[in-house]
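Residue-level structural notes
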Amino acid sequence: MSTPMLFQIQRVLGYVAWLLCFGAYGLPWLVSMDRMAAQRAIATLHSFRFFGLVFLLPGVVGPNLPAGFAMFAAYGDFATGVLAMLALLTVRVRLLFWSFVVAFNLVGMADLVVDYYHAVQEGLPEHAEQLGATYAIPIIYVPLLMITHIAAFWFLLRPGKAPREPSLAIPSQSLQP
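Predicted model, so just to flag it, every value in this text is computed and none were measured.

**Digging into the packing of aromatic side chains**
Per the stated rule, a full pass over the model turns up five aromatic pairs. Ring centres of Phe48 and Phe50 lie 6.2 Å apart, and the angle between their planes is 40°; on these two criteria the pair is classed as tilted. Judged by its relative accessible area of 38%, Phe50 falls in the partly exposed class. Ring centres 4.9 Å apart and planes at 70° place the aromatic pair Trp154 and Phe155 in the edge-to-face group. Look at Trp154 and you get partly exposed, because its relative accessible area is 42%. Residue classification places Phe155 among the buried residues on the basis of a relative accessible area of 0%. Here the basic side chain of Arg35 rests over the ring of Trp98, its NZ or CZ set 5.2 Å away from the ring centre.

Structure (structure tokens):
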């Protein structure tokens, strides 16, 4: 099987696996929280996007990794990570918190979309071996980031509600013989 075919299959399966996991565990957990707590959880995940700067490290990635892809991916991830950290740092100042939540999600989603565009334009699937140690980022990490950006926008657009609390009451039907 060719390198581009392997890369594309793994990328698609990365989305499938994360959608299954997120649907079973992540989304129910986030829905059980109030909107602010859900956004804080998503921001916490995205605060690690400073790691994208690894695309600029010689020796970690191959010398023929398309520069147009690497540069934009690295700095887009870095900007998103800093904005997510700023959201977490400003959680007590609601207006700032919500502003940074919107900002990191807009910048982060745009970064991922433009990274996909650059990857196609620069022929990244044909040179996937140049990703070296960073190969797992587009296969495993990026699908989760994209899914959580979509979830973050969904939480931003849905009406706020109080978190669900587990009920300690015993259903009346279980008391009947």
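**Notes on the nonpolar core**
Counting residues in each nonpolar core, the largest one holds 44 residues, and the members touching the most others are Phe55, Leu65, Phe69 and Phe104. Secondary-structure elements contributing two or more residues to this core are helix 1 (3-31), helix 2 (35-46), helix 3 (67-89), helix 4 (94-121) and helix 5 (136-157). Of the residues forming this core, the biggest block, 11 residues, is contributed by helix 5. Setting aside residues up to four positions removed in sequence, Leu65 forms contacts with Phe55, Ala70, Leu124, Gln130 and Leu131.

Cut-offs applied
Along each chain, residues carry numbers from 1 onward, in the same order as the chain's sequence is written. Selection of residues for local features in this predicted model requires a pLDDT of at least 70, selection of side-chain atom pairs for listing and counting requires 80 or more, and totals for whole chains, interfaces and linings are taken over all residues. Only hydrogens and water are removed before side-chain values are computed, so all heavy atoms of the structure are retained for them. Any two of the Phe, Tyr and Trp rings considered here, Trp counted by its six-membered ring, make a pair once their centres fall within 6.5 Å; the pair's planes then place it as stacked at under 30 degrees, edge-to-face at over 60, or tilted in between. Burial status follows relative accessibility: with a 1.4 Å probe on protein chains alone, a residue under 20% of its type maximum counts as buried, one over 50% as exposed, and anything between as partly exposed. In our convention, an over-ring charge means Lys NZ or Arg CZ found within 6 Å of a ring centre and within 35 degrees of that ring's normal. Put simply, buried Ala, Val, Leu, Ile, Met, Phe, Trp, Tyr and Cys residues joined by side-chain atoms within 4.5 Å make one nonpolar core. Helix numbers and strand numbers start at the N terminus; a helix is a DSSP run of H or I with at least 4 residues, a strand a run of E with at least 2. Contact criterion: two residues are considered in contact whenever any of their non-hydrogen atoms come within 4.5 Å of each other.

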